[in-house]
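# Summary of the model geometry
These are the residues of each chain, in order.
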Amino acid sequence: MSVRTLPLVFINLGGEMLYILDQRLRAHNTSEDNSEKVMNDIVGTMFSKAFMDELLKPQQLYSHRTMKTVLTRLAHASIMRLNPASMERLYELMVMAFKYQVFLCPRPKDLLLISYNHIDAIREFVRDTPVVLNQVDETHRKIIEVFIIYSPLSAGEFQLLRQTLASDCGLRSVFCSGRRWTVTGRELRRTEFPYWRNYTQPIREGSFELYGNRVIRLGMNMYTVDHPEETHTSKASSVKPVDDSPNLLAKEELNLLARLMGTMKSENTSEAETGFRINLFTTDEEEKEAAAGGAEEPLFGVINIQAMQDQQATTELARIAGQFAEEEEKPENHSSSKGDDLLAMMDHL
Amino acid sequence: MYHKEKSIQIKNSASALYNNLGVLRIAPRRLTYFTVVHANVVNMVSASWDGLNYSHRQLQSKEPNVATSTSLIMQAAFCALPSRDLLVVTSQKGIQMYESDGSIMVYWHALDTPETPTGVSSGAILVFDVPSKGSNITLSEVLEEHKESITDMASECSGSQECIANLVTADDEGNLCVWKSGEEFQLLNKIPGFDMSCSSVKLWKGTVVAGYGTGQIRLYEAVTGILHAEVNAHARWIYSLDIAPFSGLLLSAAEDSLVRVWHLTMTPETNSVEVAHLHNECVTDTQICGAKFCDGDGYAFAVTGYDLSEIIRYVQS
């Protein structure tokens, strides 16, 4: 399948994540300062040059596990905290919204316009911080270069992108607000063609430039209008069988993860006191319930970090994870004898 | 004209791939085989004609000696050869050929992995020599005419011996190549596309019927490339076309959730082809990815949709 999907997937999923987080921050009445800080931190990490350069290399799409891990790290690249149940819910909402957008594209090239809509909205979120704003602009320019100027994708290639994304998003959730989905997870696509009317020219083409009217409404913030939250997560794990087989690409994925995490700035741990928690459910009780229910039947396989037998390596990885979780850093003082990519990377951190 | 019949449930849902439904009718055993691709698995259902027995089988695309590597399947199709029927499954890593019931793999052809992974094939067409029995299949030719990846190919299905052209191949740029088989394949004609991907193509009585990403169906005369008709058939990308060779019925299915049935009439005296629209079926809220007639007369057809775990069937009333 296509090896160019990754940057678009990240920008769109990241964009959806920011929409949801922005809505939750407002619902929690978080202070302006904190909200802005969270947004700036996450956007800054996501659009950092090293991270983006890594993403823009032609490569296969990450598995759901890896994607979820990297996005979790991204979400925690700020002072905000999400517990596992909320993170799970966040991921499902993100993937669902993105899947919705991928399908409703009138033309395959509109995938780019959707990404641009996300980037435009992200610019709005960070408009008061010139450094981060600049990063967003740079990334946008790079995307334009990659997808339009240097190797413009034909309609067939965009369609392949959509098919690749379609084969990947096997997730089902129910999203009742706006009556866009049926209870079994099928999208409602009601279109009528009143053939008796007079027709004028079709809608104008959206702009593919750095700034401009994108025309298409997919990819814009769905959460700005306040709906009473009625999202339900389907427990139909029979639809998506849990994959128990050991992931033999775990080592490769870990290497990739280490490279990405290595390029993400580690947070200043002294901010532990100002950290605050975000709840994606309407009440804390719901969150606890979801956490309890989720524990019995995880919809995703648990990432088995013990793919490496080396004890030192696992400690090292735990240390890196610890940096993001703001735990005390374990004092490490060992030399590695393996010439492994992963270890070499970690030694440099 | 058609009414919906009982659907066949399949183990996984259908992937969003072009022509994602294979149908093979086994008259002597009163069975029909259906194949639907889901990621790296082909779901096969063998349905008895009385509608009472269904048996399921799943085929994974795996290299025979490497237990762990799997790759995504691009297409699975039945090839009805004069002496035998084969199920051909193409995936990112290679081509596999099975006996028509999916019981035994008779051949595996690995594709070279390119140094810079492009994710699209080079446009080469591989021709295999298949003996009437056994697994002594050999690669006989490689036809390199297309520059973009091949999306679909079709052979002359009318059974007529008069037709010169035997094979038509389509690619992602919409270019069509018409070939004549023989000791070596000979390129008869190249019909240019307009940078719009051709997702499905059929060849019937010397006429090429091609479905495009714009939702259009075009009918060309194979050997000369003359455009006989252009139909603005669908509002979205066409995913599948099929022809019932005995009756001249054409089935088209697209992302706009509609399946349309047309009738093709050839008039050799005036060298014209007429297309008449007969019937629509709206498969509500579904992006259709495969549609095929279940028999040569077009009496029944089957449809698969993205994320649907069933094969929907329609029968003439």
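All figures in this text were calculated on a predicted structure; none of them were measured in a lab. For every chain, the first residue of the written sequence is number 1, and numbering continues from 1 onward in sequence order. Note on labels: chains are lettered from A, ligands numbered from 1, in written order. Per-residue local features of the predicted model are confined to residues with pLDDT of at least 70, and side-chain atom pairs are confined, for both listing and counting, to 80 or more; whole-chain, interface and lining totals are unaffected and use all residues. Values shown for side chains rest on all heavy atoms present in the structure; no hydrogens or waters enter the calculation.

## Brief notes about the overall build of chain A
Worth spelling out the cut-off: Secondary structure is summarised from DSSP: a helix means a run of H or I of at least four residues, a strand means a run of E of at least two, and numbering begins at the N terminus for each. Burial here depends on accessible area, computed with a 1.4 Å probe over protein chains only, as a share of the maximum for the residue type. Under 20% is buried, over 50% is exposed, and the range in between is partly exposed. Two residues qualify as a contact provided that any one of their heavy atoms is within 4.5 Å of a heavy atom in the partner residue. The protein chains shown are the only cover counted for residues, whose accessible areas, like all others here, come from Shrake-Rupley with a 1.4 Å probe.
Within chain A, the regular secondary structure consists of twelve helices and four strands. Buried residues in chain A amount to 51% of all 349 residues. Here the contacts in chain A between residues at least 6 apart in sequence split such that 82% fall between residues at least 24 apart. A total of about 17,600 Å² of accessible surface is found on chain A, and carbon and sulfur atoms cover 53% of it.

## Digging into the overall build of chain B
To keep it simple, the criterion reads: Note on method: radius of gyration uses C-alpha positions; expected globular size equals 2.2 Å times residues raised to 0.38.
What chain B contains, in helices and strands, is zero helices and 27 strands. In terms of C-alpha radius of gyration, chain B reaches 19 Å, essentially the compact-globule figure of 20 Å for 317 residues. Within chain B, buried positions represent 55% of all 317 residues. Taking the intrachain contacts of chain B between residues at least 6 apart in sequence as the baseline, contacts between residues at least 24 apart amount to 47%.

## Let's talk about helix α1 (residues 5-27) of chain A
The criterion, for reference: For a helix, the expected span equals 1.5 Å multiplied by the number of residues minus one.
For α1 of chain A, with 23 residues, the first-to-last C-alpha span of 33 Å sits near the 33 Å given by 1.5 Å per residue. Among the 23 residues that make up α1 of chain A, 21 are buried, leaving the element largely enclosed by the rest of the structure.

## Observations regarding the confidence of the model for chain B
Going by this rule: Per-residue confidence from the predictor is reported as pLDDT, a score between 0 and 100.
Looking at chain B as a whole, its pLDDT mean stands at 86, while 94% of the residues score no less than 70. Both scores are available for the predicted complex, with the pTM at 0.73 and the ipTM at 0.73.

## Some details on the UniProt feature "repeat: WD" (unreviewed entry) in chain B
As a reminder of what qualifies: UniProt positions are given in the numbering used here, feature names are shortened, and annotations may be inferred rather than shown by experiment.
UniProt annotation of "repeat: WD" (unreviewed entry) refers to residues 231-272 of chain B when read in the numbering used here. Within the segment residues 231-272 of chain B, helix and strand shares are 0% and 62% respectively, and the terminal C-alpha atoms sit 15 Å apart.

## Structural notes on unusual backbone geometry
Residue and element names in this part refer to chain B. One non-glycine residue with positive phi stands out, namely N19, at about 50°. Of note, N19 is situated in the loop between β2 (8-9) and β3 (22-26). Exposure remark for N19: the relative accessible area of 3% places this residue in the buried category.

## What to know about the packing of aromatic side chains
Filter applied, for reference: Two rings from Phe, Tyr or Trp (for Trp, the six-membered ring) form a pair when their centres sit within 6.5 Å of each other. Planes less than 30 degrees apart are called stacked, planes more than 60 degrees apart edge-to-face, and all others tilted. Think of it as a cone above the ring: NZ of Lys or CZ of Arg counts as a charge over the ring if it is within 6 Å of the ring centre and within 35 degrees of the ring normal.
For the structure shown, the criterion picks out ten aromatic pairs over all chains. Aromatic pair F10 of chain A and F51 of chain A: ring centres 5.7 Å apart, planes at 85°, arrangement edge-to-face. Highlighted residues: F10 of chain A in helix α1 and F51 of chain A in helix α3 (residues 49-56), separated in sequence by 41 residues. Taken as a pair, F10 of chain A and F51 of chain A share a single burial class, namely buried. Aromatic pair Y18 of chain B and Y239 of chain B: ring centres 5.2 Å apart, planes at 70°, arrangement edge-to-face. Of this pair, Y18 of chain B sits in the loop between β2 and β3 while Y239 of chain B sits in strand β21 (residues 238-244), and the two are 221 residues apart along the sequence. Classification of Y18 of chain B by relative accessible area gives buried; the value is 10%. The structure contains a cluster of three or more aromatic residues connected by ring pairs, namely Y2, F293, F301 and Y314 of chain B. The ring centre of Y212 of chain B lies 4.1 Å from the NZ or CZ of R218 of chain B, which sits over that ring.

## Some points on the pairing of strand β7 (residues 73-80) of chain B
Residues and elements named next belong to chain B. Applied cut-off: By the convention used here, strands pair only if DSSP detects at least 2 bridges between them.
As paired elements, β7 and strand β8 (residues 85-91) share seven bridges and run antiparallel to each other. For A80, the partnering residue across the bridge sits in β8 and is D85. In textbook terms, the turn of a hairpin is the stretch between consecutive antiparallel strands, and for β7 and β8 this stretch comprises four residues.

## Considering the sheet that holds β21 of chain B
Adjacent strands of a sheet pair through backbone hydrogen bonds, lying either parallel or antiparallel. All names here are of chain B. The criterion, for reference: Axes here mean lines fitted to C-alpha atoms, for a helix over just the part in contact, with angles spanning 0 to 180 degrees between N-to-C directions.
Here we have four strands laid out as an open sheet, ordered β21-β22-β23-β24, and antiparallel in their pairing. On the outer flanks of this sheet lie β21 and β24 (272-282), each paired with one strand and no other. Each adjacent strand pair in this sheet contributes to an overall mean axis angle of 20°, direction not counted. Inspection of the sheet shows β21 paired to strand β22 (residues 249-254) by six bridges, in the antiparallel sense. Within the sheet, the bridge partner assigned to I243 lies in β22 and is L250.

## Concerning the packing of α1 of chain A against helix α2 (residues 32-46) of chain A
Residue and element names in this part refer to chain A. Our working definition: Any angle between 65 and 115 degrees counts as roughly perpendicular, while under 35 counts as roughly parallel, over 145 as roughly antiparallel, and the rest as oblique. Gly falls in the polar group here, along with every residue not listed as nonpolar (Ala, Val, Leu, Ile, Met, Phe, Trp, Tyr, Cys, Pro) or charged (Asp, Glu, Lys, Arg).
For the pair α1 and α2, interaxial distance at closest approach is 11 Å and the crossing angle is 170°. In terms of orientation, α1 lies roughly antiparallel with respect to α2. Counting all contacts with α1, which are made through F10, I11, G14, G15, M17, L18, L21, D22 and L25, the residues of α2 involved are S35, V38, M39, I42, V43 and M46. For the contact of α1 with α2, the class distribution of residues is eleven nonpolar, three polar and one charged.

## Notes on the side chain of D110 of chain A
Within the secondary structure layout, D110 of chain A lies in helix α6 (residues 110-125). Residue class for D110 of chain A comes out buried when judged on its relative accessible area of 4%.

## Thoughts on the pattern of salt bridges
Residues and elements named next belong to chain A. What counts here: Counted as salt bridges are all cases of a side-chain nitrogen of Lys or Arg within 4 Å of a carboxyl oxygen of Asp or Glu.
A complete count under the given rule lists 15 salt bridges over all chains for this structure. In this structure, R26 and D22 form a salt bridge, with 3.0 Å as the shortest nitrogen-oxygen distance. Of the two residues, R26 and D22 are both situated in helix α1; the distance of four residues between them amounts to about one turn of the helix. Among the charged side chains, a salt-bridge network with shared partners connects D120, R123, D137 and R214.

## As for the side chain of E221 of chain B
Residue and element names in this part refer to chain B. This is how the line gets drawn: In summary, the charge assignment counts Lys and Arg as positive and Asp and Glu as negative, without counting His or the chain termini.
Counting through the fold element by element, E221 comes out in strand β19 (residues 216-221). Within the buried set, E221 has no salt-bridge partner at all; the shortest N-O distance to an opposite charge, 14 Å, is to K205. The residues touching E221, leaving out its near neighbours within four places in the chain, are I191, G206, I226, H228 and N271.

## A short note on the pairing of strand β14 (residues 167-171) of chain B
All names here are of chain B. For β14, the buried fraction is high: five of the five residues fall into the buried class. The side-chain alternation of β14 yields two buried faces, one formed by L167, T169 and D171 and the other by V168 and A170. In this sheet, strand β15 (residues 176-180) lies alongside β14 in antiparallel orientation, the contact comprising four bridges. Bridged to T169 within β15 is C177.

## Some words on the nonpolar core
The condition that has to hold: Residues belong to one nonpolar core when they are buried, are Ala, Val, Leu, Ile, Met, Phe, Trp, Tyr or Cys, and are joined through side-chain atoms within 4.5 Å. Source of the domain bounds: an automatic or database domain assignment.
One finds F10, M67 and L90 of chain A to be the most contacted residues of the largest nonpolar core, which totals 74 residues. Take this core: its biggest share by element is twelve residues, from α1 of chain A. Mapping this core onto the domain boundaries places at least three of its residues in each of domain 1 (2-232) and domain 2 (237-307) of chain A. Those residues in contact with F10 of chain A, other than ones at most four positions away along the chain, are G15, M46, F51, L55, Y62, M67, V70 and L71 of chain A. Counting residues in hydrophobic clusters, the runner-up holds 34 residues, among them V23, L203, Y212 and C294 of chain B.

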